[in-house]
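Listed here are the chains, written in short residue letters.
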Amino acid sequence: MKFNSYPNFSELSSALLTEWISDIDQAALARRPAYFALAGGSTPAPLYRSLDTMLARRDICNLHLVATDERWVADSDAQSNEGLFKQCMPLSYGKQWQLLSLKNAASTPEVATEAISERLSQQIPQSFNAVLLGMGTDGHVASLFPGAPTQHDDLSCLAALHPQTRQSRMSLSLPRLLDSKKIWLVITGAEKRQILESAAQTDLPISRLLREARCNIEVFWCP
Ligand SMILES: O=C1O[C@H](COP(=O)(O)O)[C@@H](O)[C@H](O)[C@H]1O
């Protein structure tokens, strides 16, 4: 794991975007599609807004984005991660990038799990170019919460329940998140840094991710 520390989010953002846009341009040059899984929550929103401006200037991009996890609500709901992507990246949505949704018309994520897993296998037939993850102060990543399963059979996703709010969610499974060329972990604040630094001694989802990853993990941190 490589830990990068920045004085503020603006510098963090610019370092990560330099790497990200270079990956995108390389794929475009080779005329290859590129696949990214993106965290929701509030931390990465400014990054997505800057990426949108950069993408809108590019002609050829064949990007496929999927949320690392989605809340079982409509895109118009402020809680929706997929809605967040569309709001933050309006210039490039449907042009430079397409979204694979983790939702369908089923009433619950439990009912939808197999169909969404099948959709993931069909539409993302290879490793992710990169997975951008956040982390909660309880050590959760995507919607893999402490004490809950991180995998469901051999499926790419699983139904999850937020432990406090009981909100229904769909999350990529740990094996699907780890099937990536690289992982970027974007976190802010002293509390999350401390949780990350003690992850080797705990059994949180972040600990399992670090233990089981076979690809490079780069942490982007600022206070
Ligand atoms: O519930 C979630 O939380 C994590 C962390 O969010 P953050 O705003 O504290 O960074 C996020 O990565 C995940 O996608 C989201 O659904």
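Given the structure is predicted, the values throughout are model-derived calculations rather than measurements. (Residues numbered from 1 in each chain as written. Predicted model: local features only at pLDDT ≥ 70, side-chain atom pairs only at ≥ 80, totals over all residues. Heavy atoms only, no water.)

### Section: the site of the ligand
What counts here: Residues are labelled near a given molecule or strand when at least one of their non-hydrogen atoms is within 4 Å of it. Two N or O atoms count as a polar contact when they lie within 3.5 Å, although within protein this holds only if one can serve as hydrogen donor and the other as acceptor, and sequence-adjacent residues are included solely when both atoms are side-chain atoms. Polar here means any residue other than Ala, Val, Leu, Ile, Met, Phe, Trp, Tyr, Cys and Pro, which are nonpolar, and Asp, Glu, Lys and Arg, which are charged; Gly is therefore polar.
Not every one of the 15 residues close to the ligand is listed here, only the nearest: Ser-42, Thr-43, Asp-69, Arg-169 and Lys-192. One of the backbone nitrogen or oxygen atoms of Gly-40 is found 2.9 Å away from an oxygen atom of the ligand. Between the ligand and Arg-169 there is a distance of 2.9 Å, counted from an oxygen atom to a side-chain nitrogen or oxygen. Its residues placed into classes, the shell around the ligand shows three nonpolar, eight polar and four charged.

### Looking at the UniProt feature "domain: Glucosamine/galactosamine-6-phosphate isomerase" (unreviewed entry) in the chain
This is how the line gets drawn: UniProt positions are given in the numbering used here, feature names are shortened, and annotations may be inferred rather than shown by experiment. Under the DSSP-based scheme used, a helix requires at least four consecutive residues in state H or I and a strand at least two consecutive residues in state E, with every element numbered from the N terminus.
Here the UniProt-annotated "domain: Glucosamine/galactosamine-6-phosphate isomerase" (unreviewed entry) positions come out as residues 10–210. With 37% helix and 19% strand, residues 10–210 has its two end C-alpha atoms placed 26 Å apart.

### Digging into the environment of Met-170
In plain terms, the rule: Throughout, a contact is declared for two residues whenever any of their heavy atoms are within 4.5 Å.
By the element assignment, Met-170 lies in strand β8 (residues 168–172). Taking the C-alpha atoms as reference points, Met-170 and Ala-159, 11 residues apart in sequence, are found 4.7 Å from one another. Not counting chain neighbours up to four residues away, the residues in contact with Met-170 comprise Asp-69, Glu-70, Trp-72, Leu-102, Pro-109, Ala-112, Thr-113, Ile-116, Cys-157, Leu-158 and Ala-159.

### Observations concerning the environment of Arg-176
Position of Arg-176 relative to the elements: it lies in helix α5 (residues 174–178). Spatially, the C-alpha atoms of Arg-176 and Phe-145 are 16 Å apart, while their sequence positions differ by 31 residues. Beyond its immediate sequence surroundings of up to four residues, Arg-176 is in contact with Ile-124, Gln-126, Phe-128 and Ser-156.

### Description of the environment of Asp-203
Here Asp-203 lies in the loop between α6 (190–197) and α7 (205–212). Residues in contact with Asp-203, not counting those within four places in the same chain, are Arg-208 and Arg-211.

### Some thoughts on the sheet that holds strand β2 (residues 34–38)
This is how it is decided: The criterion for strand pairing is that DSSP finds at least two bridges linking the strands in question. Simply put, an axis is a line fit to the C-alpha atoms, just over the touching stretch for a helix, and the angle between two N-to-C directions goes from 0 to 180 degrees.
Taken together, seven strands build an open sheet; the order of strands is β1-β10-β9-β6-β2-β3-β5 and the sheet is parallel. Looking at which strands have only one partner, the edges of the open sheet turn out to be β1 (2–5) and β5 (97–100). Adjacent strand axes in the sheet meet at a mean angle of 20 degrees, parallel and antiparallel pairs treated alike. Along the sheet, helix α1 (residues 9–29) makes contact with β2, β3 (63–67), β6 (130–133), β9 (182–188) and β10 (216–222), crossing β9 at roughly 160 degrees.

### Describing the packing of aromatic side chains
Note the cut-off: Centre distance within 6.5 Å is the pairing criterion for rings of Phe, Tyr and Trp, where only the six-membered ring of Trp is used; planes under 30 degrees apart are then read as stacked, over 60 as edge-to-face, and the remainder as tilted. Remark: exposure states derive from per-residue accessible area (1.4 Å probe, protein chains only) relative to the maximum for the residue type, with buried under 20%, exposed over 50%, and partly exposed in between. The rule for a charge over a ring is simple: NZ of Lys or CZ of Arg within 6 Å of the ring centre, and within 35 degrees of the ring normal.
What the rule picks out here adds up to eight aromatic pairs. Taking 6.4 Å as the distance between ring centres and 15 degrees as the angle between the ring planes, the aromatic pair formed by Phe-36 and Trp-184 counts as stacked. Of this pair, Phe-36 sits in strand β2 while Trp-184 sits in strand β9; the two residues are 148 residues apart in sequence, bridging distant segments of the chain. What makes Trp-184 buried here is its relative accessible area of 1%. Look at Tyr-48 and Phe-85: their rings are 5.5 Å apart centre to centre, the planes differ by 90 degrees, and that puts the pair in the edge-to-face class. Of the two residues, Tyr-48 sits in helix α2 (residues 45–56) while Phe-85 sits in helix α3 (residues 81–88), which places them 37 residues apart along the sequence. The burial state of Tyr-48 is the same as that of Phe-85; both residues are buried. An aromatic cluster of at least three residues, connected via ring pairs, comprises Trp-20, Phe-36, Tyr-48, Phe-85 and Trp-184. When the ring centre of Phe-128 is taken as reference, the NZ or CZ atom of Arg-176 above it lies at 4.2 Å. Arg-193 extends its terminal NZ or CZ atom over the ring of Trp-221, reaching a point 4.6 Å from the ring centre.

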